[in-house]
Amino acid sequence: MAGQGRIDEAYALHEALCDRANPLGLLPEQIHPDTGEFLGNFPQAFSHVGVLASGLRLLKASRRAASEG
């Protein structure tokens, strides 16, 4: 979404994901789309790398959009 210029949607999705982390800040392998129930294991490094990478991509896209317009 961020790469497509849909910054607001990307930010909202990123925030929603971060808000779902458990009290220790961990995310599971899967989250049930209807109930929000955590499913599977907690692959700490993989989920955190994904969250950080998407946050950095969103930040770069936001800065690019701000400089263009």
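Residues numbered from 1 in each chain as written. Predicted model: local features only at pLDDT ≥ 70, side-chain atom pairs only at ≥ 80, totals over all residues. Heavy atoms only, no water.

Q: Any chance you could explain helix α1 (residues 7-20) here in plain terms?
A: An α-helix turns once per 3.6 residues; consequently, residues spaced three or four apart project the same way. The end-to-end C-alpha separation of α1 is 20 Å, in line with the 20 Å expected for 14 residues at 1.5 Å each. Its buried side turned inward, α1 meets α2 (44-68). (Helix = DSSP H or I, 4+ residues; strand = E, 2+ residues; numbered from the N terminus. Expected span 1.5 Å × (residues − 1). Contact = heavy atoms within 4.5 Å.)

Q: I keep staring at the pattern of salt bridges and nothing clicks. Help me out?
A: When the charged atoms of two side chains with opposite charge come close together, those side chains can pair. The full count for this structure, using the stated rule, is one salt bridge. Arginine 6 is the salt-bridge partner of glutamate 9, the closest N and O atoms lying 3.0 Å from each other. Look at glutamate 9 and you get partly exposed, because its relative accessible area is 42%. Overall, the relative accessible area of 34% leaves arginine 6 in the partly exposed class. (Salt bridge = Lys/Arg side-chain N within 4 Å of Asp/Glu carboxyl O. Buried < 20%, exposed > 50% of the residue type's maximum accessible area, 1.4 Å probe, protein only.)

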